[in-house]
Amino acid sequence: MQPGHLPAVVALAGRLHPGCPERADVLDERRRLCPAGCRVLLRENGQVGGYMLSHPWRMSHPPRLDTHLGRLPHCPDCWYLHDIAIDPALRGQGHAHAALHHLNAQARLHGVQWLALMAAEGARTLWAHLGFAPIPDVPAAITTSYGADACPMRRAVDIFQNNTCPEAF
């Protein structure tokens with residue numbers, strides 16, 4: 001993800017995640033702090049059709065929604081998927097699995113054994129289908145910043161070990 005992609009990322013986030021609004025500078029901070037974890041999915045015409053924002057973090061204290069990180073932790077215990085969005089016209093083509101493959105590779109490179117995320121806006125069932133389970137004991141003040149149905153979830157890195165997955169993200 002490059003700085004020039006940010007307006008399209010913010011627009012896509014607003015369209016696909018209306019209940020979880022975030023400021024452009026918060027999203028850009030994640031891009032700057034962890035370029036390897038922030039990718040865009042480009043359409044054939046070069047326009048942004050999807051994105052993911054991810055970074056190493058501490059599983060027991062996921063970042064609150066729309067909050068600056070300041071810096072990445074020195075001793076992360078997970079690779080945190082802050083956000084993923086794929087335009088509905090591009091879904092069903094393996095892009096989500098490619099993104100998870102990339103996250104798994106980043107987690108392995110950074111020596112962490114967990115992928116973690118905050119399931120929000122009705123996505124808990126989807127993430128459970130992909131092998132994620134609820135994380136116990138995350139402070140409610142963090143969870144509720146993502147909405148009433150938000151659920152912190154995690155999955156061991158090994159589940160996404162398929163090396164044949166295309167690197168679309």
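First, a word on scope: everything that follows refers to the structure included in this document. (Residues numbered from 1 in each chain as written. Predicted model: local features only at pLDDT ≥ 70, side-chain atom pairs only at ≥ 80, totals over all residues. Heavy atoms only, no water.)

### What about the overall build of the protein?
This is how it is decided: The numbering of helices and of strands both runs from the N terminus, where a helix is a DSSP run of H or I of at least 4 residues and a strand a run of E of at least 2. Buried, partly exposed and exposed residues are distinguished by accessible area as a fraction of the type maximum, computed with a 1.4 Å probe on protein chains only: under 20%, between the cut-offs, and over 50%, respectively. By the convention used here, residues are in contact when the closest approach between their heavy atoms is within 4.5 Å. The convention is simple: Lys and Arg are positive, Asp and Glu are negative, and His and the chain ends are not counted. Charged side chains are reduced to one point each, which is NZ for Lys, CZ for Arg, CG for Asp and CD for Glu.
Of the regular secondary structure elements, the protein holds five helices and six strands. Helices (α) and strands (β) of the protein occur, in sequence order from the N terminus, as α-α-β-β-β-α-β-α-β-α-β. Taken over the C-alpha atoms alone, the protein extends approximately 45 × 35 × 30 Å along its principal axes. Residues classed as buried in the protein amount to 50% of the 169 residues present. A separation threshold of at least 6 residues defines the contact pool for the protein, and within that pool the share at least 24 residues apart is 72%. In the protein, 15 side chains carry a positive charge and 14 a negative one; their mean positions are 3 Å apart.

### Observations concerning the packing of aromatic side chains
Here is the rule we go by: Here is the rule: rings of Phe, Tyr and Trp (six-membered ring for Trp) pair when centre to centre is within 6.5 Å. Planes less than 30 degrees apart are stacked, more than 60 are edge-to-face, and the remainder are tilted. Lysine and arginine charges are scored as sitting over a ring when NZ or CZ, respectively, is within 6 Å of the ring centre and within 35 degrees of the ring normal.
This model, assessed by the stated rule, comprises one aromatic pair. The ring of Trp-114 carries Arg-154 above its face, with NZ or CZ at 4.5 Å from the centroid.

### Remarks on helix H1 (residues 6-16)
Test applied: In this description, the arc belongs to the directions extending from the helix axis to the C-beta atoms.
Within the span of H1, buried status applies to Leu-6, Val-9, Leu-12, Ala-13 and Leu-16. Looking straight down H1, one finds that the buried residues subtend no more than 125° of arc, so they occupy a single side. On its buried side, H1 packs onto helix H2 (24-33), strand S1 (39-42), strand S2 (48-57) and strand S3 (78-86).

### Some details on the pairing of S2
What counts is decided by this rule: Being paired, for any two strands, means DSSP has found at least two bridges between them.
Most of S2 is tucked away: ten of the ten residues are buried. Bridging between S1 and S2 involves four bridges; their strand directions are antiparallel. By the bridge assignment, Val-40 is partnered in S2 with Tyr-51. Hairpin remark: S1 followed by S2, antiparallel, with five residues in the connecting loop; positive phi at Gly-46, about 90°. Of the pairings in the sheet, the one linking S2 to S3 comprises eight bridges and is antiparallel in character. Residue pairing in the sheet places Tyr-51 in a bridge with Ala-85 of S3.

### Details of the pattern of salt bridges
So the rule is basically this: Only one rule defines a salt bridge in this text: a Lys or Arg side-chain nitrogen within 4 Å of an Asp or Glu carboxyl oxygen.
If you walk through the whole model with that rule in mind, you get six salt bridges. Close ionic contact of Arg-43 with Asp-87 constitutes a salt bridge, the shortest N to O distance being 3.0 Å. Here Asp-87 lies in the loop between S3 and helix H3 (95-109) and Arg-43 lies in the loop between S1 and S2, a separation of 44 residues in the sequence. With a closest N to O distance of 3.8 Å, Asp-77 and Arg-58 form a salt bridge. In this pair, Asp-77 is assigned in the loop between S2 and S3 and Arg-58 in the loop between S2 and S3, connecting sequence segments 19 residues apart. Judged by its relative accessible area of 23%, Asp-77 falls in the partly exposed class. Each of the salt bridges in this network shares a partner with another, and the network as a whole consists of Arg-15, Arg-43 and Asp-87.

### Observations regarding H2
Count 3.6 residues to each turn of an α-helix, and residues three or four apart come out pointing the same way. All of the buried residues along H2 are Val-26, Leu-27, Asp-28, Glu-29, Arg-30 and Arg-31. Turning to H2, the residues buried within the fold contact H1, S2 and S3.

### Regarding the sheet that holds strand S6 (residues 151-156)
Where we set the bar: Helix axes are fitted to C-alpha atoms over the stretch in contact, other axes to C-alpha atoms as well, and angles between N-to-C directions run from 0 to 180 degrees.
Strand order in the open sheet formed by six strands is S1-S2-S3-S4-S6-S5, with mixed pairing between adjacent strands. Where the open sheet ends on each side, the last strands, each with one partner, are S1 and strand S5 (133-134). In the packing of H1 onto the sheet, the strands contacted are S1, S2 and S3, and the crossing angle to S2 comes to about 90°. Contacts from H3 reach S1, S2, S3 and strand S4 (114-119) within the one sheet, and its direction differs from that of S3 by about 160°.

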